[in-house]
Amino acid sequence: SMASPALLMRVVASAYSVAEKAATIVRNVMSAGDLGIVEKAGPNDLQTKADRLVQMSICASLARKFPKVTIIGEEELPTGDVTEDLIEDGHCEEILKKPCPAQYTGIKEEELVIWVDPLDGTKEYTEGLLDHVTVLIGIAYGGKAIAGVINQPYYNYEAGDNAALGRTIWGVLGMGAFGFQLTEAPAGKHIVVTTRSHSSALVNECITALNPDAVIRVGGAGNKIIQLIEGKASAYVFASPGCKKWDTCAPEAILHAVGGKITDIRGNPFQYNKEVKHMNSAGVLATLRNYDYYASRIPNTVKESLVP
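Conventions we followed
- Residues numbered from 1 in each chain as written.
- Predicted model: local features only at pLDDT ≥ 70, side-chain atom pairs only at ≥ 80, totals over all residues.
- Heavy atoms only, no water.
- UniProt positions renumbered as here; feature names shortened; annotations may be inferred.
- 1 Å grid on protein atoms, 1.4 Å probe; cavity = no way out; pocket = protein on both sides within 12 Å on 5 of 7 lines; lining within 4 Å.
- Helix = DSSP H or I, 4+ residues; strand = E, 2+ residues; numbered from the N terminus.
- Contact = heavy atoms within 4.5 Å.
- Polar contact = N/O pair within 3.5 Å; in protein donor to acceptor, adjacent residues only side chain to side chain.
- Buried < 20%, exposed > 50% of the residue type's maximum accessible area, 1.4 Å probe, protein only.
- Domains from an automatic or database assignment.
- Salt bridge = Lys/Arg side-chain N within 4 Å of Asp/Glu carboxyl O.
- Nonpolar A, V, L, I, M, F, W, Y, C, P; charged D, E, K, R; others polar.

J.: Just to check I follow, could you spell out the UniProt feature "binding site: Mg(2+)" (unreviewed entry) in the protein chain for this structure?
T.: With numbering aligned to this structure, UniProt lists the feature "binding site: Mg(2+)" (unreviewed entry) at E74, D117, L119, D120 and D247. Despite a sequence span of 174 residues, these residues sit close together in the fold, their greatest C-alpha distance being 9.7 Å. Taken from the residues named earlier, the lining of the largest pocket is made up of E74, D117, L119, D120 and D247. Structurally, E74 can be placed in the loop between β3 (70-73) and α3 (93-97). Ignoring any residue separated from it by four or fewer positions in sequence, one finds E74 in contact with K40, Q55, V116, D117, P118 and W246. Side chain to side chain, E74 and K40 meet in a polar contact 3.2 Å long. In this structure, D117 sits in strand β4 (residues 112-120). For D117, a relative accessible area of 1% gives the class buried. Setting aside residues no more than four positions away along its own chain, D117 makes contact with E74, T134, V135, L136, W246 and D247.

J.: What exactly am I supposed to notice about the domain arrangement of the protein chain here?
T.: Put simply, an interface is often sized by how much accessible area is lost when its parts join up. You can read the domains of the protein chain as domain 1 (7-177) and domain 2 (191-305). Computed over C-alpha atoms, the centres of domain 1 and domain 2 are 21 Å apart. Contacts between the two partners involve 41 residues from domain 1 and, on the opposite side, 30 residues from domain 2. Linking domain 1 to domain 2 there are three salt bridges. For E230, the salt bridge goes to R167, with nearest N and O atoms at 2.8 Å. Remark: the boundary between domain 1 and domain 2 carries nine residue pairs in polar contact (both at pLDDT 80 or more). Breaking the side of domain 1 that touches domain 2 down by element, the ones donating at least two residues are β3, β4, α4 (122-126), β5 (134-141), β6 (144-152), β7 (167-172) and β8 (176-178). Tallied by class, the residues present in the side of domain 1 that touches domain 2 amount to 19 nonpolar, twelve polar and ten charged.

Written out as structure tokens, the structure reads:
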């Protein structure tokens, strides 16, 4: 008889369905018209009804199935009962059919940490830049991002009424990443993707030093990693604090699963164990290819300004 699927594959398969449910909630809140916006730390740090409902849905759904897993979400929410309509019990059969990479077959529930950004690109969501929005579920083991799910609720939203709306990208280290067409940026072109709403003198100084052919300013860490894996940008550069572990965990797993690299601006890897501080204080540098080219051109003045 077939052995039952390894825990990691069951968690990823559930996270896939949970992310699809999240996308439905995100779209329903938008179409209902009342976003319920509250400012957290200021006008560029917003929370909407979608952030709140999605986080409750993701965390409660995964906690019910995997009670010993540590789940850390972006939003500070009161703990209380979550209504049944927010619970997603399904899983993606296709993921369960794939063999778990050997190094992860023995993982126990209590060894996993799941980092959840219920709605990455909230500001863009409130402004109608819907293609920037992602739902991020990152899975860490031994302090390392090993699997991730990125859902784009509005993928294809400008393609007309007959286009299928939304998509789910997922990946596991040692297995690869799925749900998109892996594409490299044009050879010899240096296209940098960076922040849209959190720019600063330091952010701009760093980008100028790279002498890029083009700069793309978009919202959302998930969205920026998608620009890398679909060949629209060659480097994601953010020389500033502000990004958090739930922004980078899922995207890191997917990027690393296809041979890319993400670190802070100083070249340090991110840690995802449950005790770690949430802020990525030293910014972000990520590429699908040619990481060393960009890393070698980050000015020392920029590195010294950003303390991990």
